[in-house]
Amino acid sequence: MTTNTIAIRKAEPGDLVVVQEIARATFFETFAATNTEADMQHYLTEKFTDAAISAELNHPNSTFFIAWADETPIGYLKINTGPAQTEPQGDTALEIERIYVRNAYHGHKVGQLLYEQALVSARQQNKTQLWLGVWEENPRAIRFYEKNGFVAFDKHIFQLGTDLQTDILMRKILA
């Protein structure tokens, strides 16, 4: 999938360092201003280790896609099905666990391209719904998902370091 000079490619286990670097960078850019340094460092250190990313890349029910601007990774998508979902939603559901884009590329439709890749994956796997969790303090992301037809259906707690945060669970039923 390519638009202008942005390409979306499926990540392979050998892409561990690229996924790890884009995951750390985009998570930090997205949340550092609204969370404590200690909570951010704890999360980045714990969740983006070689072992953690390798396990995610090698999980049979998880898939990563990387957005590239020429040879530069600028964002990524992680989707889950079956037992890899962070909340059980059944075999007909596909979870968008992460869509993150470098701040410098906001407004360039990179997030939309990554979302569309999730939609293509869901249809290829005959899924009937997409779902995700989004932090209630992230209005930009909430608007993005609402614009794409998602509606809130529940909430859950996401722990960032020592901070317990509320995520809004959103769903889109596929025709």
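The model shown is predicted, which means the values in this text are computed figures rather than measured ones.

Draft legend 1. Main features of the overall build of the protein chain. Counting its regular elements, the protein chain contains five helices and eight strands. The helix and strand sequence of the protein chain, counted from the amino end, reads β-β-α-α-α-β-β-β-α-β-α-β-β. For the protein chain, the C-alpha radius of gyration of 15 Å lies close to 16 Å, the compact-globule estimate for 175 residues. Dimensions along the principal axes, computed over C-alpha positions, put the protein chain at roughly 45 × 40 × 30 Å. Counting every position in the protein chain, which comprises 175 residues, the buried fraction comes to 49%. Contacts in the protein chain between residues far apart in sequence, at least 24 positions, make up 61% of those at least 6 positions apart. As displayed, the protein chain has an accessible area near 8900 Å², and 51% of this comes from carbon and sulfur atoms. Taken as two groups, the 16 positive and 22 negative side-chain charges of the protein chain have centres that lie 7 Å from each other.

Draft legend 2. Focus on helix α1 (residues 16-31). Taking 1.5 Å per residue, 16 residues should reach 22 Å; α1 reaches 22 Å between its end C-alpha atoms and fits that length. Looking at α1, one finds that the buried residues are L16, V19, Q20, I22, A23, T26, F27 and F31.

Draft legend 3. Just the pattern of salt bridges, in detail. Under the defined criterion, the tally for this structure stands at six salt bridges. In this structure, K78 engages E56 in a salt bridge whose closest nitrogen and oxygen atoms are separated by 3.3 Å. Separated by 22 residues along the polypeptide, K78 in strand β4 (residues 72-81) and E56 in helix α3 (residues 50-58) bring together distant segments of the chain. A single burial state applies to K78 and to E56, both of which are buried. Here K78 and E97 are joined by a salt bridge, their closest N and O atoms 2.7 Å apart. Separated by 19 residues along the polypeptide, K78 in strand β4 and E97 in strand β5 (residues 93-101) bring together distant segments of the chain. What makes K78 buried here is its relative accessible area of 4%. The structure contains a network of salt bridges with shared partners spanning E56, K78, E97 and R98.

Draft legend 4. Fine view of α3. Here α3 has its buried residues at I53, E56 and L57. Here the buried residues of α3 occupy an arc of 100° about the axis, which is enough to place them on one side. The elements touched by buried residues of α3 are α1, α2 (37-47), β3 (62-69), β4 and β5.

Draft legend 5. Focus on the packing of α1 against α3. For the pair α1 and α3, interaxial distance at closest approach is 10 Å and the crossing angle is 110°. In terms of axis orientation, α1 runs roughly perpendicular to α3. Remark: the crossing between α1 and α3 carries right-handed chirality. Across the interface between the two elements, L16, V19 and Q20 of α1 pack against D50, I53, S54 and L57 of α3.

Draft legend 6. Molecular detail of the packing of aromatic side chains. Tallying each qualifying case throughout the model produces 14 aromatic pairs. Centroid distance F27 to Y100: 6.0 Å. Interplanar angle 65°. Geometry classified as edge-to-face. You can see F27 sitting in helix α1 and its partner Y100 sitting in strand β5, a full 73 residues away along the chain. The exposure classification of F27 matches that of Y100, with both residues buried.

Criteria and cut-off values
Throughout this description, residue numbers start from 1 for each chain and increase along the sequence as written. With the structure being a predicted model, the display of local features is reserved for residues of pLDDT at least 70 and the display and counting of side-chain atom pairs for 80 or more, all residues being used for whole-chain, interface and lining totals. Excluding hydrogens and water, the side-chain figures rest on all heavy atoms present in the structure. Numbered from the N terminus, helices here are DSSP runs of H or I no shorter than four residues, and strands are runs of E no shorter than two. With C-alpha atoms as the basis for the radius of gyration, the globule rule is written as 2.2 Å multiplied by the number of residues raised to the power 0.38. The classification of residues rests on relative accessible area computed with a 1.4 Å probe and restricted to protein chains. Under 20% of the type maximum is buried, over 50% is exposed, and intermediate values are partly exposed. Should any heavy atoms of two residues lie within 4.5 Å, those residues are counted as being in contact. With residues, only the protein chains shown are counted as cover, and all accessible areas are computed by Shrake-Rupley using a 1.4 Å probe. His is not counted, nor are the chain ends; Lys and Arg add positive charge and Asp and Glu add negative charge. A single reference atom marks each charge: NZ on Lys, CZ on Arg, CG on Asp, CD on Glu. To estimate the expected span of a helix, count its residues, drop one, and scale the result by 1.5 Å. Think of a salt bridge as a Lys or Arg side-chain nitrogen and an Asp or Glu carboxyl oxygen that are within 4 Å of each other. This arc describes the spread of directions from the helix axis toward the C-beta atoms. Axes here refer to lines fitted to C-alpha atoms; in helices the fit is confined to the stretch in contact. Angles between the N-to-C directions go from 0 to 180 degrees. By the definition adopted for this analysis, an angle is roughly parallel if under 35 degrees, roughly antiparallel if over 145, roughly perpendicular if from 65 to 115, and oblique otherwise. Should the near helix be turned anticlockwise from the far one by less than a right angle, the crossing is left-handed, and should it be turned clockwise, the crossing is right-handed. Each aromatic pair joins two rings of Phe, Tyr and Trp (for Trp, the six-membered one) with centres within 6.5 Å, and gets the label stacked for planes under 30 degrees apart, edge-to-face for over 60, and tilted for any other angle.

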